[in-house]
Amino acid sequence: QGVPKPFTEVIKANIGDAHAMGQKPITFLRQVTALCLCPDLLASPNIPEDAKARARRLLAACGGHSAGAYSASPGIELVRGDVARFIERRDGIAARAQDIFLSTGASDAIVSILKLLVAGEGPTRTGVLVPIPQYPLYSAAIAELSAVQLNYYLAEDNCWALDVAELRRAVTEGRRHCSPRVLCIINPGNPTGQVQSRQCIEDVIKFAYEEKLFLMADEVYQDNIYAEGSAFHSFKKVLFEMGPPYSEVVELASFHSVSKGFMGECGFRGGYVEVVNMDPEVHQQLSKLVSVRLCPPVPGQILLDAVVDPPQPGEPSYELFMAEKNEVLSNLAHKARLTQEIFNRTPGICCNPVQGAMYSFPRIHLPPRACAAAQTQGQAPDMFFCMKLLEETGICVVPGSGFGQREGTFHFRMTILPPIEKLQVLLEKLSSFYTKFVKEFS
């Protein structure tokens, strides 16, 4: 309405959308996709031969040799095979193309698996264990499917680690009013940025085995590991290395996406789920379920294929691809450290190390007067803080209450994606606003 604001732009630090925050696309991924969408470009001398070879192979696998044709409902067979080989290289364990279902981003696959697992009424209704704080896709899908959300709290004072005793508490309480069947894990964590240790993953698998729970492992941030001593361990790899009885019995669905990692290609909506130890009859029902939506977007499948089948040493695109990938990941690692350092210098803000993913989830102390002011406006205290922050600085972050948090604690989630110079300004502005806010309401 033309009212002057004390800032020149809104900085959207509220969503993990890398390209919207200025990240440049990875050249090879876009070249392969562009060639498939506009095959005339195959005649261009400006595009490397390895990108053209990938595109010809993909077009040959499309109906009518066109990316505009429907694919099979679980995805293009060739791409599913390439995803299986990618998983084999990553884990050193066999993967089958028929256990891989391509999807419209990981979100679509997560909802499909939840649909498959939700059943019953009243005390037999499916209970789904989700981490708190959680990514709101889970609570929304559980509500939509009328399942029962069972919260387990991550240990903030232990760098957001997962504690099996807390899982046990959640299952025991859940059994009083529903039938706990599903355990969701987000690793690396969103919104918390933690990376679970191998020991922790083993403990979770043993717990799922004992309690007969279906494991859903959301692993979309597997490329985003920054902290020294942290490493990504896929649930599938750990499960098979543990051997029988676990590797033969524990049912697992693991998810990956082109939206995060070093790619950041959110708009292409490409992803997959791999299912392990799924009963053949249930597997058949999953095939039927995904056929309802015809097929995932073919450009997303093509881009996913370029991610899982990247340039190899000696190929013309290899050096540029590796340089671009490493630059994105080292920038993110730098931004993760910067975020934690600047927040922890500010009295009243406490930020765990950002070990992975793309977010920090700092805890903020809010004075009683601020909580009272929020109540008069019908807002959660952290929502009140985030709205004031937006109005006065143009910085947009998400209140912790949107993800769930322990009673009496307040947080916000902020993405670390803005360019370094912009991020530095954002962090300092946010910290000084917080100091002023606390003084105002003390």
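In every chain, residue numbers begin from 1 and rise along the written sequence. Owing to the predicted nature of the model, reporting of local features is limited to residues with pLDDT of at least 70; listing and counting of side-chain atom pairs is limited to 80 or more, with chain, interface and lining totals taken over all residues. The side-chain values count all of the structure's non-hydrogen atoms but skip hydrogen atoms and water molecules.

As for the packing of aromatic side chains
Here a ring pair, both rings aromatic, is described through the centre-centre distance and the interplanar angle of the planes.
And then number 1: Stacked, tilted and edge-to-face pairs are distinguished by plane angle, under 30 degrees for stacked and over 60 for edge-to-face with tilted covering the rest, among Phe, Tyr and Trp rings (Trp via its six-membered ring) whose centres lie within 6.5 Å. In this structure the tally under the stated criterion is 15 aromatic pairs.
And then number 2: Ring geometry for Phe 361 versus Phe 403: centroids 5.8 Å apart, planes at 85°, classification edge-to-face. Residue Phe 361 is found in the loop between strand 10 (359-360) and strand 11 (363-364), and its partner Phe 403 is found in the loop between strand 13 (398-399) and strand 14 (412-415); the two are separated by 42 residues along the sequence. For the residue pair Phe 361 and Phe 403, the accessibility class agrees, reading buried in each case.
And then number 3: Ring centres of Phe 385 and Phe 437 lie 5.1 Å apart, and the angle between their planes is 85°; this geometry places the pair in the edge-to-face category. Linking Phe 385 in helix 14 (residues 381-393) with Phe 437 in helix 15 (residues 420-441), this pair joins segments that are 52 residues apart in sequence. Secondary structure counts use DSSP, requiring at least four H or I residues in a row for a helix and at least two E residues in a row for a strand, with both numbered from the N terminus. To sort residues, take the accessible area from a 1.4 Å probe on protein chains only and compare it with the maximum for the residue type: under 20% means buried, over 50% means exposed, and anything in between is partly exposed.

Some details on the packing of helix 1 (residues 27-37) against helix 2 (residues 49-60)
And then number 1: Relative to each other, helix 1 and helix 2 sit at 45°, their axes nearing to 9 Å. Taken as axis vectors, helix 1 and helix 2 run oblique relative to one another. The way helix 1 lies across helix 2 gives a crossing that is right-handed. Between helix 1 and helix 2, the contacting residues are Phe 28, Gln 31, Val 32, Leu 35 and Cys 36 on the first element and Asp 50, Ala 51, Lys 52, Arg 54, Ala 55, Leu 58 and Leu 59 on the second.
And then number 2: Three classes are used: nonpolar for Ala, Val, Leu, Ile, Met, Phe, Trp, Tyr, Cys and Pro, charged for Asp, Glu, Lys and Arg, and polar for all others, with Gly counted as polar. Class assignment for the residues of the contact of helix 1 with helix 2 results in eight nonpolar, one polar and three charged. For helices, the fitted axis covers only the stretch in contact; all axes are lines through C-alpha atoms, and the angles between them, taken along N-to-C directions, range from 0 to 180 degrees. Our angle categories are set so that under 35 degrees counts as roughly parallel, over 145 as roughly antiparallel, 65 to 115 as roughly perpendicular, and the remainder as oblique. Crossing handedness is read from the near helix: turned anticlockwise from the far helix by less than a right angle, it gives a left-handed crossing, and turned clockwise, a right-handed one. Contacts: residue pairs with any heavy atoms within 4.5 Å of one another.

A few points about the sheet that holds strand 10
And then number 1: Two strands pair under a simple rule: DSSP has to find at least two bridges between them. The strand order 10-14-13 describes an open sheet built from three strands, whose pairing is antiparallel. Strands at the two margins of the open sheet, each flanked by one partner only, are strand 10 and strand 13.

Let's talk about the UniProt feature "domain: Aminotransferase class I/classII large" (unreviewed entry) in the protein
And then number 1: UniProt positions are given in the numbering used here, feature names are shortened, and annotations may be inferred rather than shown by experiment. The positions UniProt marks with the feature "domain: Aminotransferase class I/classII large" (unreviewed entry) are residues 48-430.
And then number 2: Taken end to end, residues 48-430 is 44% helix and 15% strand, and its two terminal C-alpha atoms sit 45 Å from one another.

Things to note about the side chain of Asp 218
And then number 1: Structurally, the position occupied by Asp 218 is in strand 6 (residues 214-218).
And then number 2: We treat Lys and Arg as the positive residues and Asp and Glu as the negative residues; His and chain ends play no part in the count. By definition here, a salt bridge exists when the distance from a side-chain nitrogen of Lys or Arg to a carboxyl oxygen of Asp or Glu is within 4 Å. For the buried Asp 218, which has no salt bridge, the nearest side chain bearing the opposite charge is Lys 260, at an N-O separation of 9.5 Å.
And then number 3: Pairs of N or O atoms within 3.5 Å make up the polar contacts considered here, provided that, within protein, one atom can donate a hydrogen while the other can accept it, and that residues adjacent in sequence are counted only when both atoms are side-chain atoms. Within the local environment of Asp 218, its side chain forms a polar contact with the side chain of Tyr 138, the two groups lying 2.8 Å apart.
And then number 4: Side-chain polar atoms of Asp 218 contact the backbone nitrogen of Val 220, separated by 3.5 Å.

Structural notes on the environment of Val 292
And then number 1: Among the secondary structure elements, Val 292 is positioned in the loop between helix 10 (280-291) and helix 11 (298-308).
And then number 2: Counting along the chain gives 32 residues from Val 292 to Glu 324, while the straight-line C-alpha distance between them is 38 Å.

Examining the environment of Ser 247
And then number 1: Position of Ser 247 relative to the elements: it lies in helix 9 (residues 246-249).
And then number 2: Given a relative accessible area of 11%, Ser 247 falls into the buried group.
And then number 3: Put simply, Ser 247 and Val 276 are 29 residues apart on the chain and 9.1 Å apart in space, counted from C-alpha to C-alpha.
And then number 4: Ignoring anything within four residues of it in the chain, the contact list for Ser 247 reads Leu 239, Phe 240 and Asn 277.

Details of the pattern of salt bridges
If charged atoms from side chains of opposite charge come close, those side chains can pair.
And then number 1: By the definition in use, this model includes 23 salt bridges.
And then number 2: Across the salt bridge formed by Arg 57 and Asp 309, the nearest N and O atoms sit 3.9 Å from each other. Linking Arg 57 in helix 2 with Asp 309 in the loop between helix 11 and helix 12 (318-344), this pair joins segments that are 252 residues apart in sequence.
And then number 3: Put simply, Arg 80 and Glu 77 hold a salt bridge, and the shortest N to O gap is 3.3 Å. Placement of the pair is Arg 80 and Glu 77 together in helix 3 (residues 77-91), with a separation of three residues, close to one helical turn.
And then number 4: By sharing partners, the salt bridges in this structure join Arg 54, Arg 57, Asp 82, Arg 85, Asp 309 and Glu 315 into a single network.

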